2 protein chains.
Amino acid sequence: MEKQTVTIYDVAREAAVSMATVSRVVNGNPNVKPATRKKVLAVIERLDYRPNAVARGLASKRSTTVGVIIPDVTNIYFASLARGIDDIAMMYKYNIILTNSDDASEQEVNVLNTLMAKQVDGIIFMGNHVDDKLRAEFKRAKAPVVLAGTVDPAGDTPSVNSDYAAAVEEAVTNLINHGHKKIALALGSLSQSINTEYRLAGYKRALNKAKLPYDDALVYEAGYSYDAGKKLQPVIADSGATAVFVGDDEMAAGIINASMESGINVPNDLEVVTSNNTIVTQITRPAITSITQPLYDIGAVAMRMLTKLMNDKELDEKAVILPYGIVRRDSTKSDEGETVN
Amino acid sequence: MEKQTVTIYDVAREAAVSMATVSRVVNGNPNVKPATRKKVLAVIERLDYRPNAVARGLASKRSTTVGVIIPDVTNIYFASLARGIDDIAMMYKYNIILTNSDDASEQEVNVLNTLMAKQVDGIIFMGNHVDDKLRAEFKRAKAPVVLAGTVDPAGDTPSVNSDYAAAVEEAVTNLINHGHKKIALALGSLSQSINTEYRLAGYKRALNKAKLPYDDALVYEAGYSYDAGKKLQPVIADSGATAVFVGDDEMAAGIINASMESGINVPNDLEVVTSNNTIVTQITRPAITSITQPLYDIGAVAMRMLTKLMNDKELDEKAVILPYGIVRRDSTKSDEGETVN
DNA sequence: TTGAAAGCGCTAACAC
DNA sequence: GTGTTAGCGCTTTCAA
């Protein structure tokens, strides 16, 4: 009952050629006489032969598989990156081993090791934080690693991102230009470099340039979720802030809904700008002004870089920065002088 | 410069035992004297030996990898299933090769074949439609296949789903109980069995039981997206329908926003019920009444079934149906007699 | 409890 | 253009 497998050897025998020749035609090696190729192809067809990728991997030391570490597939931000990664991977005939890390350092190291054991040819890492331990593992890995949508300020690991700091700076500057003096910043965790080293930094730069004082009390660390946003809204309201930059769309939606329901009009009493331009920004009322990031492209470019690395090519750029934009919707007042990067 | 790999042979030599013994300790085979085990473990530690999963796979004919075919990772419905799949896979020490199929039949067959070439031990398939060609491939595959969140009316492929037809029937019956005579049904594609054989069927059953006439003109095939919903709204309005069951949350959001903006109050002028209970249902105003499905669990159970199959165990049930529910929000009027399955 | 040895199915020199 | 032959790194009988 067990379906029996036909091997390259069977094909060779039936076609009256050597295994090497079969291997050549299977791999598209041009050094095969057309007639021979045709004969072999016929036998392959007849026997329904399918090369065993595992054996091939062992012999060639290339698995044509890349590992992708993602915090959570159900997070649309990372899933969008993953989509870009997968499409390019497919284009280059690589498969993807995808594993959720839950952003947990221990789990990330773990996963990295099983990926290495599976002999992946390269790794794309997505996460909110790269710590020393992880960095050490990257170095230890003999497969190249590329970070996608993931910053490592310390790192020399190749990466693809957009300019988070500049985006926030521009968004906050727009808010300042609307006359706001107290602008809140609602983030997830302040232990993540994207928040502290980029978003918070951009926020501070904007204030600085406008000679507005920086106030710790206006920076909120609340976790990224719709409910977190709803809970945070009264706190923001109490702070006297008249505008807020939010690091996550669902959180922004929570803030908006809670505001509107407690009689605080967005954008008249509170302007809101968010970060990821997911579909949520279109669905809320008012719809949310947002930074836009080329998520799919970040993934796609990361995968392209990885293919280069896997073929021992040099990278033109080690830390690629893709352009961001800002799309104005109804959660902010109209303004002049908005620019799009 | 190339990092050199340490093999089982190196460990054997250093520990002065045979490869077989090393293999035993690595695989937790109890037939090893504790002292020997300890000695080997020490060498493994010292050399930082990591077993090569590819070689292991070739020798043992098990890759501890399962293939997962998904229409699109960025679709939260399927991503939620994938999350359940991955968690259970990890629990059983399997890795996941994840590939997007775009719901394209050709691509699905393609992907299936490369997964087989990679010698996956099993496959979980998610998709909106299972056609004959695919069914044939499933049969041809020597690895077991389980469908997750995917119906195959014809099929004998093991599957995990919720009772889509009953859910729609109940939801529509609730609507009927509110006095509606013309209830629209907004779906994606009518070429997908989940829509015709389940949702449409449930819809018809509800009408039938209430002795309400079925009217083709009230069934819309519009594609699943926010914009599709917005575009569909005026059409529904023109039809005279006073309630609508929608197959997708974003589409429902589009219908609701477009309605409210054109002066049609939800739920007073139009009641709306949707299908997937994603975060979108909480974000819209009014929030949307929805069927709830245990998406994570559907994935998790599918993966559990697959592990059984991969170990040649019998399945208790071939077509598992997990319970659905209905959560009432503000897009429908309150009603008595709602039940939760 | 341990070891020897034969593969697993394929690629990659190398020789012809 | 084609064939021969070592492996790739591991598991798995089978003996001892």
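Residues numbered from 1 in each chain as written. Chains lettered and ligands numbered in written order. Predicted model: local features only at pLDDT ≥ 70, side-chain atom pairs only at ≥ 80, totals over all residues. Heavy atoms only, no water.

- Chain A appears in an unreviewed UniProt entry as Catabolite control protein A from Lactiplantibacillus plajomi.
- Here is the UniProt Function (unreviewed entry) comment for chain A, exactly as written: "Global transcriptional regulator of carbon catabolite repression (CCR) and carbon catabolite activation (CCA), which ensures optimal energy usage under diverse conditions." (UniProt positions renumbered as here; feature names shortened; annotations may be inferred.)

### Examining the overall build of chain A
- A tally of helices and strands in chain A yields 13 helices and 12 strands.
- For 341 residues, the compact-globule estimate of 2.2 N^0.38 gives 20 Å, and chain A exceeds it by more than 25% at 26 Å.
- Seen through its C-alpha atoms, chain A measures out along the principal axes to roughly 85 × 40 × 40 Å.
- Considering chain A as a whole, with its 341 residues, one finds that 54% of them fall into the buried category.
- Put simply, 69% of the contacts in chain A that link residues at least 6 apart link residues at least 24 apart.
- Working note: accessible area of chain A is about 14700 Å², and carbon and sulfur atoms make up 51% of it.
- Averaged over its 37 positive side-chain charges, chain A has a centre that lies 11 Å from the centre of its 42 negative ones. (Helix = DSSP H or I, 4+ residues; strand = E, 2+ residues; numbered from the N terminus. Rg over C-alpha atoms; globule rule 2.2 N^0.38 Å. Buried < 20%, exposed > 50% of the residue type's maximum accessible area, 1.4 Å probe, protein only. Contact = heavy atoms within 4.5 Å. Areas by Shrake-Rupley, 256 points an atom, 1.4 Å probe, with all protein chains shown as cover. Lys, Arg positive; Asp, Glu negative; His and termini not counted. Charge placed at Lys NZ, Arg CZ, Asp CG, Glu CD.)

### Describing the sheet that holds strand β10 (residues 289-292) of chain A
Residues and elements named next belong to chain A.
- Taken in spatial order, the six strands make up an open sheet running β7-β6-β8-β9-β10-β12, and their pairing is mixed. What marks the edges here is a single partner per strand, and that holds for β7 (219-221) and β12 (325-327). Mean inter-strand twist for the sheet, computed between neighbouring axes without regard to direction, equals 20°.
- Against the sheet, helix α11 (residues 249-261) makes contact with β6 (183-187), β8 (243-246), β9 (271-274) and β10, and its axis sits at roughly 165° relative to β9, the strand it touches most. (Pairing = 2+ DSSP bridges. Axes fitted to C-alpha atoms, helices over the stretch in contact; angles between N-to-C directions.)

### Points about the protein's contact with DNA strand D
- Near DNA strand D lie 27 residues; those nearest to it are Thr21, Arg24, Lys33 and Thr36 of chain A together with Ile8 of chain B.
- Close to the protein, within 4 Å, the atoms of DNA strand D belong to sugar or phosphate groups at a rate of 61%.
- Between DNA strand D and the protein, one listed contact pairs a phosphate oxygen with a backbone N or O atom of Ile8 of chain B at 2.3 Å.
- At 3.2 Å from a phosphate oxygen of DNA strand D is found a side-chain nitrogen or oxygen belonging to Arg56 of chain B.
- At the level of secondary structure, the elements contributing two or more residues to the surface near DNA strand D comprise α2 (19-26) and α4 (53-60) of chain A together with α2 (19-26) and α4 (53-60) of chain B.
- Of the residues assigned to the surface near DNA strand D, the class counts are 13 nonpolar, 10 polar and four charged. (Near = heavy atom within 4 Å. Polar contact = N/O pair within 3.5 Å; in protein donor to acceptor, adjacent residues only side chain to side chain. Nonpolar A, V, L, I, M, F, W, Y, C, P; charged D, E, K, R; others polar.)

### Details of the sheet that holds strand β10 (residues 289-292) of chain B
All names here are of chain B.
- If you trace the six strands from one edge of the open sheet to the other, you get β7-β6-β8-β9-β10-β12, paired in mixed fashion. The open sheet has two edge strands, β7 (219-221) and β12 (325-327), and neither has a second partner. Recorded for the sheet is a direction-independent mean angle of 20° between the axes of neighbouring strands.
- In the sheet, β10 pairs with β12 via three bridges, with the strands oriented antiparallel. Across the sheet, the residue bridging to Ser290 is Val327, located in β12.
- Sheet strands in contact with helix α10 (residues 226-239) are β6 (183-187), β7 and β8 (243-246), and its direction is about 165° off that of β7.

### What to know about the interface of chain A and chain B
- Taken together, the contact pairs 54 residues of chain A with 56 residues of chain B.
- Approximately 4700 Å² of surface area, both sides summed, lies buried where chain A meets chain B, with 53% of it carried by carbon and sulfur atoms.
- Among the residues chain A hides against chain B, the three largest losses belong to Arg83, Lys118 and Ile283 of chain A. Together they make up 14% of the total.
- In this assembly, chain A and chain B are joined by eight salt bridges. (Buried area = accessible area lost by both parts, 1.4 Å probe. Salt bridge = Lys/Arg side-chain N within 4 Å of Asp/Glu carboxyl O.)

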